[in-house]
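Observations on the three-dimensional arrangement
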Amino acid sequence: AEEHKAVRSAVGLFDMSSFGKIRVEGRDAEAVLQRLSGNDVAVEPGGIVYTQWLNRHGGIEADVTITRLDETSFLVVTPGATLQRDIAWLKRNIPDKAHCVAVDVTAGEAVICVMGPKARDLLQPLTPQSLSNEDFPFGTMQQIEIGLGIARAHRISYVGELGWELYVSSEMAGHVFDSIAQAGPTQGLRLCGLHVLDSCRIEKAFRHFGHDI
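Residues numbered from 1 in each chain as written. Predicted model: local features only at pLDDT ≥ 70, side-chain atom pairs only at ≥ 80, totals over all residues. Heavy atoms only, no water.

**Considering the sheet that holds strand 11 (residues 189-192)**
Just so we agree on the cut-off: When DSSP finds two or more bridges between a pair of strands, those strands are recorded as paired. By the criteria applied, helices consist of DSSP H or I runs no shorter than four residues and strands consist of E runs no shorter than two, each listed in order from the N terminus. Orientation is described by lines fitted to C-alpha atoms, with helices fitted over the stretch in contact, and by angles between N-to-C directions that extend from 0 to 180 degrees. Contact definition: two residues touch when any of their heavy atoms are within 4.5 Å.
Strand order in the open sheet formed by six strands is 8-9-10-7-1-11, with mixed pairing between adjacent strands. In this open sheet, the two strands that pair with only one neighbour each are strand 8 (141-146) and strand 11. Across this sheet, the average inter-strand angle for adjacent strands is 30°, counted without regard to direction. As paired elements, strand 7 (residues 109-115) and strand 10 (residues 163-169) share seven bridges and run antiparallel to each other. Bridge pairing in strand 10 links Cys113 to Glu165. In the packing of helix 5 (residues 173-183) onto the sheet, contacts are made with strand 1 (11-15), strand 7, strand 8, strand 9 (149-154), strand 10 and strand 11, and the angle to strand 7 comes to roughly 15°.

**Here's the deal with the sheet that holds strand 6 (residues 101-104)**
Strands sit in the order 3-4-5-2-6 across an open sheet of five strands; the sheet is antiparallel. Since the sheet does not close on itself, it has two edges, and those belong to strand 3 (48-54) and strand 6, each with one partner. The mean angle between the axes of side-by-side strands here comes to 30°, regardless of whether they run parallel or antiparallel. Bridge count between strand 2 (residues 20-25) and strand 6: four bridges; the pairing is antiparallel. The partner of Val24 across the bridge, within strand 6, is Ala102. Sheet strands in contact with helix 3 (residues 83-92) are strand 2, strand 3, strand 4 (60-70), strand 5 (73-78) and strand 6, and its direction is about 165° off that of strand 6.

**Describing the nonpolar core**
Heads up, the condition is: Among buried residues, the Ala, Val, Leu, Ile, Met, Phe, Trp, Tyr and Cys ones that are joined through side-chain atoms within 4.5 Å form a nonpolar core. Partly exposed residues are those whose accessible area sits between 20% and 50% of the maximum for their type, while under 20% is buried and over 50% is exposed, using a 1.4 Å probe and protein chains only.
In terms of nonpolar packing, the biggest core is built from 22 residues, with Val114, Leu123, Ile146, Trp164, Leu166 and Ile180 touching the most fellow members. Looking at this core, the elements that each hand over two or more residues are strand 1, strand 7, helix 4 (119-123), strand 8, strand 9, strand 10 and helix 5. Every residue in contact with Leu166, bar those within four places of it in the chain, is listed here: Ala110, Val111, Ile112, Val114, Leu123, Ile144, Ile146, Ala151, Arg152, Ala153 and Ile180. Ranked by size, the runner-up nonpolar core spans 21 residues in total, among them Val41, Ala62, Phe74 and Trp89.

In structure tokens, the structure reads:
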């Protein structure tokens, strides 16, 4: 498909606002997530960790990314289809005396994913922040200006190409989308859907909860 080709050789835009988003906050938030997660979430603020949540038998209960926003705040991102299951599992496993709360904040932010080898060429003119590898490495998050809006940019990809997931407050999402779309023709931007996302992640051998896991 033309959209698939665009992600491989130019740039594609995916609307992934359906991602489930869970804020986990409190002085014990790190300890709670560390207990549930197979990977190490004790990273510096701005770090993004891909991990599974495991049960006592070593089985996988959830497949998520966890972004450390600051010392006591994390954002768990999960497929929209498993949001309710994952937040229930998380809340069930927060000890009674732990200083930690989990809140569903899915509706508060849109997620605009700009993916492909020309993603940086498209986005860099729209923001004063540097998107270079040195200033913005893979697996990290920064707040950036984009157009006249503000986004929390997560440099992580589910399609295997260079790209950013832009988390934008719902009221700014239309403007940020328009800013990207207006600049898009110069880099061959195509709008892409979930079938393209699924095809690309299979090529990259990225796992999917419910199918591969």
